Amino acid sequence: MSSIRRKDREITDIHQILEIVGRTKYLHLGLYDGEFPYVVALHYGAEFQDGVLTFYLHGAKKGHKLDLIRQNPHVCIELECDAELIPAGDIPCEYGSSYASVIGRGTAQLLDDPNEKIHGLKVLMEHQTGRDFGITPQMASSVAVIRITVPEFTAKARPLPAG
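All of the points below concern the structure found in this document. (Residues numbered from 1 in each chain as written. Predicted model: local features only at pLDDT ≥ 70, side-chain atom pairs only at ≥ 80, totals over all residues. Heavy atoms only, no water.)

## With respect to the packing of aromatic side chains
Formally: Note on aromatic contacts: the rings of Phe and Tyr and the six-membered ring of Trp form a pair at centre separations within 6.5 Å, being stacked when their planes are under 30 degrees apart, edge-to-face when over 60 apart, and tilted otherwise. Strands are runs of DSSP state E lasting at least 2 residues, helices are runs of H or I lasting at least 4, and numbering of each runs from the N terminus. Classification of residues uses two cut-offs on accessible area relative to the type maximum, computed with a 1.4 Å probe and protein chains only: under 20% is buried, over 50% is exposed, and between them is partly exposed.
Enumeration over the complete set of coordinates arrives at two aromatic pairs. For the ring pair tyrosine 44 and phenylalanine 55, a centre distance of 5.5 Å and an interplane angle of 70 degrees mean the geometry is edge-to-face. Linking tyrosine 44 in the loop between β3 (36–43) and β4 (45–49) with phenylalanine 55 in strand β5 (residues 52–59), this pair joins segments that are 11 residues apart in sequence. Of the two residues examined, tyrosine 44 and phenylalanine 55, each falls in the buried class.

## Quick notes on the nonpolar core
Generally speaking, soluble globular proteins have nonpolar side chains that are buried together. The line we're drawing: Nonpolar cores were defined as sets of buried Ala, Val, Leu, Ile, Met, Phe, Trp, Tyr and Cys residues, with membership established by side-chain atoms within 4.5 Å. We call two residues in contact when some of their heavy atoms are within 4.5 Å.
Ranked by size, the top nonpolar core spans 29 residues in total, and within it Leu27, Leu29, Phe55, Leu57, Val102 and Ile148 carry the most contacts. Mapped onto this core, the elements with two or more residues apiece are α1 (14–23), β2 (26–33), β3, β5, α2 (64–71), β6 (74–86), β7 (96–110) and β8 (144–158). In terms of residue count, β8 provides more of this core than any other element does, six residues in total. When near neighbours in sequence (up to four residues on either side) are disregarded, isoleucine 148 contacts Leu29, Leu53, Thr54, Phe55, Leu57, Val75, Ile77, Thr107 and Ala108. Leu111, Ile118, Val123 and Ile135 belong to the second largest nonpolar core, which has nine residues in total.

Here it is, written out as structure tokens:
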């Protein structure tokens, strides 16, 4: 990944990065779509192991997103939270925004194995609801499950000013 321009906002502590991943509920998935990128917001679940973020997404078994992944599995993910306007009164150029974000590059894979799909759906539901659901093979077979492996990622944040 390219380096972050604003080094003063870069987050390198993996615990802080995982905290952002844990608090965010939507992932913006960037896919190749010919001449233009295609970006879609999706619910997700995430795991971190051996320096790699793994995201699980689900959706319909047919559609444009799945077609694009089959054509080119290289993707970009983006997550953000804590976004708020930082006002600056009558000086438009001094307005800003607070935020915390993670961006990464990785590879998407459509899962076929029922056990992998069940695992991915359990991770997703735990992240979204905080609950451990029993996912049956029948439930897993009714949806597409996408696993995105993200070995390259960066994070940064700009907190609200004090006061």
